[in-house]
Amino acid sequence: MTAMLKHHVSPNEIIPASKGRPRISSIGTRSFLLEAPGDFDLASQRRIWALSQTLKGWPDLAEIIPGMTNLLAILTETPEDPEGVVLRLSEAWDVAPSIDLAGKTIEIAVQYGGEFATDLAALCDFSGLTDREVIRIHHEAIYRVFALGSAPGFGYLHGLDPRIYMPRKTVPSLKMAKGCVTIGGMQTGVAMLTGPNGWNSIGFAELQMFDPRSATPALMAPGDIVRFVPTRIDL
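Only a predicted model underlies this, so the values are computations on that prediction, with no experimental measurement involved.

## What to know about the overall build of the protein
The number of helices and strands found in the protein is 4 helices and 14 strands. Relative to the globule expectation of 18 Å for 235 residues, the C-alpha radius of gyration of the protein, 19 Å, shows essentially globular dimensions. Principal axes of the C-alpha set define a box for the protein whose edges measure 60 × 40 × 30 Å. Burial status across the protein gives 46% buried among its 235 residues. Put simply, of all contacts in the protein between residues at least 6 apart along the chain, 62% involve residues at least 24 apart. Split by element, the accessible area of the protein, about 11,700 Å² in all, is 53% carbon and sulfur.

This is the structure we're talking about:
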């Protein structure tokens, strides 16, 4: 269950999105997905963070999973009145103030290009930019961790420059290496596991992003600021 959950399930839409109003859908019998209206931006995410804090006071909630401008609320039991739950979510959204999370700054050393940048040429073709331009634009940006999910410790980052937008692959790479620095749509991140991956790799980072033995296993947390620092460019 993660930030990108809505792309992997078929939710039953209860309240459709409208101008200024969130979309609320049921997923199974006791889970409800609220998707923020408007743009995929920091303002929407701040409302999601605020809503997450508000819902912590609900005694009938088993789990709250904030995602990328969405939030999944999982109840302890199947509600007798699902419409009532939807109304409570909608009202909670209305009163939730926008908050910011004071996170730490994380610098990730990246080897751009080379053997792991298997999709850099395709990204250049798609964007019309040179490989050096793509790399410069990528590492000059400042990113914000919106949510964790998909794999343990994986951070969904906001802040990618639209000039290096790259759609996800229609056919995933079968064995992309753990540590690959990737772009998927308007997001960028670091692959947490070696295996199938539909994002586009432009470099590699030697960094322990998740340590299950640590008191804080995930390096990233929502609200953190991330910067990619080039240590080598191999073109």
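Structure's up, so let's keep going.
## Points about the nonpolar core
In this structure, Ile-108, Ile-164, Met-220, Val-226 and Phe-228 are the most contacted members of the largest nonpolar core, which totals 35 residues. For this core, the secondary-structure elements that each account for two or more residues are strand E6 (105–113), helix H3 (120–127), helix H4 (131–140), strand E7 (143–148), strand E8 (155–158), strand E10 (180–184) and strand E14 (225–234). Of all the elements, E6 adds the most residues to this core, at 4 residues. Once you skip the residues sitting within four places of it in the chain, Phe-228 turns out to touch Ile-108, Val-110, Tyr-112, His-138, His-139, Tyr-143, Leu-157, Val-181, Thr-188 and Val-190. Counting residues in hydrophobic clusters, the runner-up holds 19 residues, among them Leu-34, Leu-51, Leu-61 and Ala-96.

## Describing the packing of H3 against H4
One way to put it is that H3 packs onto H4 with a least axis distance of 9 Å and a crossing angle of 95°. The orientation of H3 with respect to H4, classified from their angle, is roughly perpendicular. Two secondary-structure elements touch here, H3 through Leu-120, Leu-123, Cys-124 and Ser-127 and H4 through Asp-131, Val-134 and Ile-135. Residues of the contact of H3 with H4, tallied by class, amount to 5 nonpolar, 1 polar and 1 charged.

## Things to note about the packing of aromatic side chains
Under the criterion given, the structure shown has 7 aromatic pairs. Look at Phe-116 and Phe-204: their rings are 4.2 Å apart centre to centre, the planes differ by 20°, and that puts the pair in the stacked class. With Phe-116 in the loop between E6 and H3 and Phe-204 in strand E13 (residues 200–204), this pair connects stretches of sequence that are 88 residues apart. For Phe-204, a relative accessible area of 11% puts it in the buried group. These aromatic residues form a ring-pair network of at least three members: Phe-40, Trp-49 and Phe-146. One cation-aromatic arrangement involves Arg-47 over Trp-93; the distance from NZ or CZ to the ring centre is 4.1 Å. The residue whose ring lies beneath Arg-88 is Trp-58, and the NZ or CZ to ring-centre distance is 4.0 Å.

## Thoughts on the side chain of Ser-52
Looking at where Ser-52 falls in the secondary structure, it is placed in helix H1 (residues 42–55). The exposure class of Ser-52 is buried, given its relative accessible area of 8%.

## Points about helix H2 (residues 82–95)
If you check H2, its first and last C-alpha atoms are 20 Å apart, about what 14 residues at 1.5 Å a residue would give, namely 20 Å. Turning to H2, its buried residues are Gly-84, Val-85, Val-86, Leu-89, Ser-90, Ala-92 and Trp-93.

## Some points on unusual backbone geometry
One non-glycine residue, Thr-69, lies in positive phi territory at about 50°. With respect to the helices, strands and loops of the structure, Thr-69 is situated in the loop between strand E4 (61–66) and strand E5 (70–75). Residue classification places Thr-69 among the buried residues on the basis of a relative accessible area of 7%. Unlike most non-glycine residues, Ser-150 shows phi in positive territory, near 70°. Here Ser-150 is to be found in the loop between E7 and E8.

## Regarding the pairing of E8
As judged from the 4 bridges shared by E7 and E8, these two strands associate in the antiparallel manner. Pairing of Ala-147 across the sheet is with Tyr-156, part of E8.

## With respect to the environment of Thr-78
If you trace the backbone, Thr-78 turns up in the loop between E5 and H2. Distance from Thr-78 to Ser-31, taken between C-alpha atoms, is 8.4 Å for residues 47 residues apart in sequence. Residues in contact with Thr-78, not counting those within four places in the same chain, are Thr-29 and Arg-30. Within the local environment of Thr-78, its side chain forms a polar contact with the side chain of Thr-29, the two groups lying 3.1 Å apart.

Cut-offs used in this document
Residues numbered from 1 in each chain as written. Predicted model: local features only at pLDDT ≥ 70, side-chain atom pairs only at ≥ 80, totals over all residues. Heavy atoms only, no water. Helix = DSSP H or I, 4+ residues; strand = E, 2+ residues; numbered from the N terminus. Rg over C-alpha atoms; globule rule 2.2 N^0.38 Å. Buried < 20%, exposed > 50% of the residue type's maximum accessible area, 1.4 Å probe, protein only. Contact = heavy atoms within 4.5 Å. Areas by Shrake-Rupley, 256 points an atom, 1.4 Å probe, with all protein chains shown as cover. Core = buried A, V, L, I, M, F, W, Y, C linked by side-chain atoms within 4.5 Å. Axes fitted to C-alpha atoms, helices over the stretch in contact; angles between N-to-C directions. Parallel < 35°, antiparallel > 145°, perpendicular 65-115°, else oblique. Nonpolar A, V, L, I, M, F, W, Y, C, P; charged D, E, K, R; others polar. Phe/Tyr/Trp six-rings, centres within 6.5 Å; stacked < 30°, edge-to-face > 60°. Lys NZ or Arg CZ within 6 Å of the ring centre and 35° of its normal. Expected span 1.5 Å × (residues − 1). Pairing = 2+ DSSP bridges. Polar contact = N/O pair within 3.5 Å; in protein donor to acceptor, adjacent residues only side chain to side chain.

On their own, these measurements won't tell you what the molecule is for.
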